[in-house]
Amino acid sequence: MRSMARVAVVVALLLSGISIVQAFPNYLDNFKATYSNVAGTKLDSCTTCHNSDMTRNAYGLDFAANGHGFGAIAAKDSDGDTFTNSAEIQALTFPGNLADHPAAAPPVPTPTPDPTPAPEPAPIPVPDPVSAPVPAPEPGVPVGMPAATSQLRFPYPAPVYPLVADDPSAAQPVGVGPVAAGGEYMSIQVGFGTFSSPTDLYLVYSIPSDPDKLYFMNADYSVAAYAIEEVVAQMETNRFPVGVEPWKANITGPVNEIILNSIPKADLEPGSYGYYILASPAGLLINFYIWGTVIDIEAPASEKTESEAGEGSAEELLIPEPDGQLIIPFEPVMYPAISHEPSMAKPVSVGPVAAGGPFVSIQVGLGKFVSPMDLYVAYTLPAAPDKLYFMKSDYSVAAYSLSEIIQSMSGGNLPAFVEPWKKSSTGVINEIILNNVSIADINNGAYGYYLLAAPTGSAGRYYIWGSEFHVENGAGTTADAMTPAVPNSDGAVLYNQNCAVCHGHLASSAKHGRTADQIQAAINTVGHMKGLNNLLGQQVVAIAGALATPTPPSAPTTLDGAVLYRDFCSGCHKAQAISTKAGATATRITGAIGSATYPAMNSAGLKALSAAQINSIAGVLAKATPPPPTTLDGTILYRDFCASCHNALASSTKAGATAARISGAIGKTTNPAMNTAGLKALSAAQINAIAGVLAKATPPPPPTTLDGTVLYRDFCASCHNALASSTKAGATATRISGAIGKTTNPAMNTAGLKALSAAQINAIAGVLASVTPPPTPSGHPSNWRRIHGGQVENSGTATCTSCHGADLRGSAGPSCYTCHGKRW
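Residues numbered from 1 in each chain as written. Predicted model: local features only at pLDDT ≥ 70, side-chain atom pairs only at ≥ 80, totals over all residues. Heavy atoms only, no water.

1. Remarks on helix H11 (residues 537-547)
Buried residues of H11: Gln539, Val540, Ala542, Ile543, Ala544, Ala546 and Leu547, and no others. Where H11 is buried, its residues contact helix H8 (491-498) and helix H10 (516-525). (Buried < 20%, exposed > 50% of the residue type's maximum accessible area, 1.4 Å probe, protein only. Helix = DSSP H or I, 4+ residues; strand = E, 2+ residues; numbered from the N terminus. Contact = heavy atoms within 4.5 Å.)

Now the structure itself:
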């Protein structure tokens, strides 16, 4: 308990006179009152009822299930080691830990964990495992998880965070994030300690839309899918299918990585997701451990039947603003504990050292706040006990005098020169700040970690969470290893870690040529990419730099519509089962590909799809029939129907748009993006809700640049192609000025375009003058460019009817649709 006391002292120095919030009922006091012999022993701690990640162990589960009465479970054998709970407690062994029991206990074989507390994971189909106990390490063998000597499988209920253990039957190496506890976000994190010998790790998962396949993660974090039947057939001969490679090869650990970060549950396809890790001796698949867990994602409330909706799920719980100055010290934990109740949260974890392990990993985990908050991360080092180290937004560190901080905070503020780590954040936060630092590399003493959360721009009210760990066997003479590393700026590495899992190898990525602006816009609006909001601006620029390599992706050969949809469509249009393009025909898809109106549809990868592949995509979309939206939440409706074209709500190009204006734009054939089935299905009440949130949005300031290339990119490229292939090559300033504001062309009637100055329009015309116009199509009159380029913009299609007929389907001239398609 000394670290708790020290944390309280350090925090009290910062904020003297403020009382500490009591986080838990006095269960530990009641336990010691029931069993007087445990005071001052190892049982005099939270670990009697909790695992190292603070989930309940078997004894804790029995305690909770029996009215929180210790006497009621005295005669039970919670951990199944043949000793009653009371007998174990009298012998000072843990009643919830199978491996800890009185010395006189008979030998207990390692059992296969009972999978009944959670849905049985769909097991990876392998030959029946040979029943064999996990071998104990021999003298002289390095401490760590022993190498597998048989084929053992360990299913377990999905945890929020991994559970690290040397005993394979106790390890739970994949955590799935807050969804495991009923939360609204999924984060896939893998955690292992050390291995006693070199080990290969294979990371595998399954998804509900493709239940007949297993997805293997490659070493570069791209993913390859294999049919279950093929995996079964190959593993019967102790090998994987050709092409499968380890995710981590020939390692001894430790491993601590976030693979998928803070993805909203609402953006996930409903169904069961399975996550599996196979660990085998390096280079061999004869013996292995397989751990597996499954998490079920329910359909959003709007997609449930009436009876299902009656059951409902609790609304997402948010962390309230502090109503005072609250200090919340807590014992060091291996992984963060996320809670909407501040006194229950443990937002800074220290990794294996919390359980006596040899490594330190600092991770910050927080749920969502009710309103924007400034977050400060600070720590203390034994080498400089009179200093507080604050981490800046760029992850560099500045040291300040502890007395100076105390003096400033006594007046209700932090010094002006202390900047937040995260400014105006509403969460979710899930970041590894420092990963697997060996205690052998640092000096002995106490290390304190603190997180302060205050309403944006004010430090008069706040939460401070604090924890501390001690190093007693460190061999290092410096604490430099505890300085957070500056975030990686290698674009190729960042792409592999954050993008390859969806978009494939960098060399053949379908996202070549994406700019930093396009990537950031996708992070802000596309469901699965929202978890990348922890990337810094310079990291996004680095990824864009890596993607600038003009290596076109190879054309896909598969005719599997589900695979094609996943690889080319799901990034923007959600998973297949809940696709926003349900029912789209092959003709509609073909017409959209390459369209200047939809830049995301103008990629080389989509244009390489064959007619047969497009038919396959249409085939799977014919089976996707999501119901129309029922929500009246304008923020959600804007995000789902407007943000992809008009930016995130806070910087919307349609700030102030009225319901009448929105209704008038929906269904207009002159603007295909507004002529979708989804928009036309919106009710009047839903359109009013969108207008309501747009009424509060601050319009973006008018641009100040005179760089014609930048202005064209921001105001013209989305409709008229990139500058080098612009459909408006040669357009003069007069022509551009005449088109802006025309009510016959809503796309030219925006506040942004009307705010352009004459000098800026001249700059756009200047760069368009350098673009080589496309050749005149055969069959058009010599003055076609003036008619089609100018008059159509100014007067709509009325100028076309004399040649092409009232419906444009042909008269004196041919049908316009012959060349331009139905949505031209």
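Here the narrative resumes, following the displayed structure.
2. Quick look at the pattern of salt bridges
Per the stated rule, a full pass over the model turns up nine salt bridges. Here aspartate 100 makes a salt bridge to lysine 42, at a shortest N to O gap of 3.0 Å. Pair noted here: aspartate 100 is in the loop between helix H4 (85-90) and strand E1 (151-155) and lysine 42 is in the loop between helix H2 (27-34) and helix H3 (58-65), with a separation of 58 residues, a long-range link. With a shortest N-O distance of 3.3 Å, aspartate 560 and lysine 213 are connected by a salt bridge. Here aspartate 560 is found in the loop between H11 and helix H12 (561-568), whereas its partner lysine 213 is found in strand E5 (residues 213-217), with 347 residues between them in sequence. For aspartate 560, a relative accessible area of 26% corresponds to the partly exposed category. The exposure class assigned to lysine 213 is buried, which follows from its relative accessible area of 19%. Three or more residues joined by partner-sharing salt bridges are found here, namely Asp210, Lys213 and Asp560. (Salt bridge = Lys/Arg side-chain N within 4 Å of Asp/Glu carboxyl O.)

3. Re the pairing of strand E4 (residues 199-206)
Working note: regular strand, side chains alternate between the two faces of the sheet. Most of E4 is tucked away: eight of the eight residues are buried. In E4, alternate side chains face the same way, and those of Thr199, Leu201, Leu203 and Tyr205 on one face and Asp200, Tyr202, Val204 and Ser206 on the other are all buried. Bridging between E4 and strand E7 (residues 248-251) involves two bridges; their strand directions are antiparallel. Bridge pairing in E7 links threonine 199 to isoleucine 251. One ladder, built from eight bridges, connects E4 with strand E9 (residues 271-281); its direction is antiparallel. (Pairing = 2+ DSSP bridges.)

4. Digging into empty space enclosed by the protein
One pass over the structure, following the stated rule, counts three cavities of 30 Å³ or more. Estimated volume of the second largest cavity: approximately 70 Å³. As for the second largest cavity, its lining consists of 14 residues, and the residues nearest its centre are Asn256, Tyr335, Gly351, Pro352 and Ser361. For the lining of the second largest cavity, the secondary structure elements donating two or more residues are strand E8 (255-264) and strand E13 (359-366). Of the residues that constitute the lining of the second largest cavity, the class distribution is seven nonpolar, seven polar and no charged. (1 Å grid on protein atoms, 1.4 Å probe; cavity = no way out; pocket = protein on both sides within 12 Å on 5 of 7 lines; lining within 4 Å. Points joined across faces, edges and corners; volume = space filled by probe spheres on them. Nonpolar A, V, L, I, M, F, W, Y, C, P; charged D, E, K, R; others polar.)

5. Notes on the confidence of the model for the chain
Within the chain, residue pLDDT values average 77, and 75% of them lie at 70 or more. Contacts from residues 1-25, a stretch scored under 50 in pLDDT, to residues over four places away or in other chains number 44 contacts. Note that pLDDT drops below 50 for residues 105-142; the model gives that stretch 61 contacts with residues more than four away or on any other chain. (pLDDT = per-residue confidence, 0-100.)

6. A closer look at the packing of H12 against helix H16 (residues 611-621)
Orientation of H12 relative to H16, taken along the N-to-C sense of each, is 95 degrees, at an axis distance of 8 Å. When the axes of H12 and H16 are compared, the pair comes out roughly perpendicular. Together, Gly561, Ala562, Leu564 and Tyr565 of H12 and Gln613, Ser616, Ile617, Val620 and Leu621 of H16 make up the contact between the two elements. (Axes fitted to C-alpha atoms, helices over the stretch in contact; angles between N-to-C directions. Parallel < 35°, antiparallel > 145°, perpendicular 65-115°, else oblique.)

7. Let's talk about the packing of helix H22 (residues 708-715) against helix H26 (residues 758-768)
Where H22 meets H26, the closest approach of the two axes is 8 Å, and the angle between their N-to-C directions is 95 degrees. Between H22 and H26, the interaxial angle falls into the category roughly perpendicular. Touching Gly708, Thr709, Leu711 and Tyr712 of H22 are Gln760, Ala763, Ile764, Val767 and Leu768, all from H26. The residue makeup of the contact of H22 with H26, split by class, is six nonpolar, three polar and no charged.

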